[in-house]
Amino acid sequence: MAHSVEAPNPPTYLLGSSPAERERLIAQCDLLRDASRDLLSRLPLPRDAHALDFGCGPLGILDLLSDAVGPHGTVVGLDNDQQMITSAELSIEERKLANVSVTCGTLPWNGGSGFDLVHCRLLLINSADPEAITSSMVAATRPGGWIAIQEFDWATWQCDPPHPAWDRLKGLLAAAFGGDVQIGSRLPSLLRTAGAGDNLQVAAHTYYWRPHDPYQVLLLHFAELFRERMASRGVDRGHLTSLVSMLRDHLAHPGTIVRESLLVQAWAQKPLRP
Ligand SMILES: C[S@@+](CC[C@H](N)C(=O)[O-])C[C@H]1O[C@@H](n2cnc3c(N)ncnc32)[C@H](O)[C@@H]1O
């Protein structure tokens, strides 16, 4: 089921909602499924809980939340991009998630308060104002309810053996990305500052890739998507082409291993009294 509310801001997600990006996000859900399930298993949700996946994209963790709250609980997916919501509707139908609905909009949202759990994954890393988003998540949570956030920290995204083209391209991309690419390292302080400091906990997961894994070349994929944005910031197009070409050769070498960004998870309770 889907409905729309007035979205106060137009979609701001710089990677867009093309079919290719939606497919990439769904594949990423598979990659992150075990880590996200592990996170949910640590949250002592009440029976028949009411949960929100903020910035759910084409699936997010709607399927895992559906299981976690049980058949009498409810899950809402919220995203400010109508194409993502249309894609999420399809995911819900395919997976027969009877207790899940989706809405096009953002927080603060009229229908959005008193949740037992408000979650977001890979939303803050693309955001210009992660503090405001975290505060809006806390506001949507009932006193004693949980706020859970999962974000990458690019600091640990490296290749071995190292290569100067990796460092240069990653630096150029980080500057063009539109958010703090090391936001994962700031989750505990973001939660505390937003007023959710009770029982604060943190965990992290990482992944390693070899040349046959699609994620081995994710940096090159991002470089393509952000090529025009980097060029508009004064980066020479020829320089970009040569960095991409050098790095493609290096990443294809059987001995090159890529360590993925750290997936940081932080969760805390909203205090019972302000
Ligand atoms: C990287 S995707 C992550 C999707 C999903 N959470 C997942 O883990 O697969 C970020 C999503 O957040 C949505 N988004 C970005 N800013 C938003 C905002 N202010 N309010 C609602 N949704 C937002 C985007 O449209 C996009 O679908």
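Structural data are supplied above this passage.
Worth saying up front: this structure is predicted, and the values here are computed from it rather than measured.

Comments concerning the pairing of strand β6 (residues 141-153)
Phase 1 of the analysis: Summarising burial for β6: eleven of the 13 residues are buried, a large majority.
Phase 2 of the analysis: Taking the sense of rotation as the criterion, the β-α-β connection linking strand β5 (residues 115-121), helix α4 (residues 130-139) and β6 turns out right-handed.
Phase 3 of the analysis: Two elements, β6 and strand β11 (residues 262-269), share eight bridges in a ladder whose sense is antiparallel. The residue of β11 that forms the bridge with glutamate 151 is valine 264.

Digging into unusual backbone geometry
Phase 1 of the analysis: Residue proline 108 is reached from leucine 107 by a cis peptide bond, and omega for that bond is -5°.
Phase 2 of the analysis: Residues aspartate 160 and proline 161 are joined by a peptide bond in cis, for which omega reads 5°.
Phase 3 of the analysis: Examined against the element boundaries, proline 161 turns out to sit in the loop between β7 (158-160) and α5 (164-176).
Phase 4 of the analysis: The backbone of asparagine 199 sits at a positive phi, close to 50°, despite the residue not being glycine.

What about empty space enclosed by the protein?
Phase 1 of the analysis: A complete count under the given rule lists one cavity of 30 Å³ or more for this structure.
Phase 2 of the analysis: In this structure, the largest cavity spans a volume of roughly 160 Å³.
Phase 3 of the analysis: Forming the boundary of the largest cavity are 16 residues, of which Arg24, Gln28, Leu122, Phe152 and Phe222 lie nearest the centre.
Phase 4 of the analysis: Taken together, the elements giving at least two residues each to the lining of the largest cavity come down to α1 (19-41) and α7 (218-225).
Phase 5 of the analysis: When its residues are assigned to classes, the lining of the largest cavity shows eleven nonpolar, three polar and two charged.

Quick notes on the packing of α7 against helix α9 (residues 237-252)
Phase 1 of the analysis: α9 packs onto α7 with a crossing angle of 160° between their chain directions and a minimal axis gap of 10 Å. Considering the angle they form, α7 stands roughly antiparallel to α9. Crossing angle aside, the handedness with which α7 passes α9 is left-handed. Each of Leu219, Leu220 and Ala223 in α7 lies in contact with α9, whose residues at this interface are Val244, Leu247, Arg248 and Leu251.

Definitions and limits used
Residues numbered from 1 in each chain as written. Predicted model: local features only at pLDDT ≥ 70, side-chain atom pairs only at ≥ 80, totals over all residues. Heavy atoms only, no water. Buried < 20%, exposed > 50% of the residue type's maximum accessible area, 1.4 Å probe, protein only. Helix = DSSP H or I, 4+ residues; strand = E, 2+ residues; numbered from the N terminus. Right-handed = clockwise from strand over helix to strand, strands pointing away. Pairing = 2+ DSSP bridges. 1 Å grid on protein atoms, 1.4 Å probe; cavity = no way out; pocket = protein on both sides within 12 Å on 5 of 7 lines; lining within 4 Å. Points joined across faces, edges and corners; volume = space filled by probe spheres on them. Nonpolar A, V, L, I, M, F, W, Y, C, P; charged D, E, K, R; others polar. Axes fitted to C-alpha atoms, helices over the stretch in contact; angles between N-to-C directions. Parallel < 35°, antiparallel > 145°, perpendicular 65-115°, else oblique. Left-handed = near helix turned anticlockwise from the far one by under 90°. Contact = heavy atoms within 4.5 Å.

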